[in-house]
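# Fold and geometry: a report
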Amino acid sequence: MPKIGFSMNEGILSEWLAEDGSQVTEGQPLYALESDKSTNEVESPATGTLKIIGELGETYEVGVVIAEIV
């Protein structure tokens, strides 16, 4: 879970924009993250196969792993 904004400590995983097991490319939007003030799309940091770990609607602290790209 990336930190978006200076004061962000946690966020809600609101939508996956790529499916589990799909091929993703660096820069492709992966999921939507709701913070206190906004909803942001988070881009893939790498190219590979997406393995989803986090569940929709859950709140996660910054730094928690919610997906892997292998």
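Presented here is a report on the structure given in the accompanying data block. Computed from a predicted structure; not experimentally measured. (Residues numbered from 1 in each chain as written. Predicted model: local features only at pLDDT ≥ 70, side-chain atom pairs only at ≥ 80, totals over all residues. Heavy atoms only, no water.)

## Points about the side chain of S44
Along the chain, the position of S44 falls in the loop between strand 4 (39-43) and strand 5 (48-52). S44 sits in the buried class, given a relative accessible area of 4%. At 2.5 Å, the side chain of S44 forms a polar contact with the backbone oxygen of A46. Among all residues touching S44, those that are not within four sequence positions of it are V24, T25, E26, G27, Q28, L30 and I69. (Helix = DSSP H or I, 4+ residues; strand = E, 2+ residues; numbered from the N terminus. Buried < 20%, exposed > 50% of the residue type's maximum accessible area, 1.4 Å probe, protein only. Polar contact = N/O pair within 3.5 Å; in protein donor to acceptor, adjacent residues only side chain to side chain. Contact = heavy atoms within 4.5 Å.)

## Comments concerning the nonpolar core
Counting 13 residues, the largest nonpolar core has M1, L13, L30, Y31, L33 and I66 as its most contacted members. Every element with two or more residues in this core is listed here: strand 1 (10-16) and strand 3 (29-34). In terms of residue count, the dominant contributor to this core is strand 3 (3 residues). If we ignore the near neighbours within four places in the chain, the residues touching Y31 are M1, P2, L13, E15, W16, L17, N40, E41, V42 and I66. (Core = buried A, V, L, I, M, F, W, Y, C linked by side-chain atoms within 4.5 Å.)

## Description of the pairing of strand 4
If a strand is regular, its side chains alternate between the two faces of the sheet. In terms of strand pairing, strand 3 meets strand 4 through 5 bridges, oriented antiparallel. Across the sheet, the residue bridging to Y31 is V42, located in strand 4. Hairpin remark: strand 3 followed by strand 4, antiparallel, with 4 residues in the connecting loop. (Pairing = 2+ DSSP bridges.)

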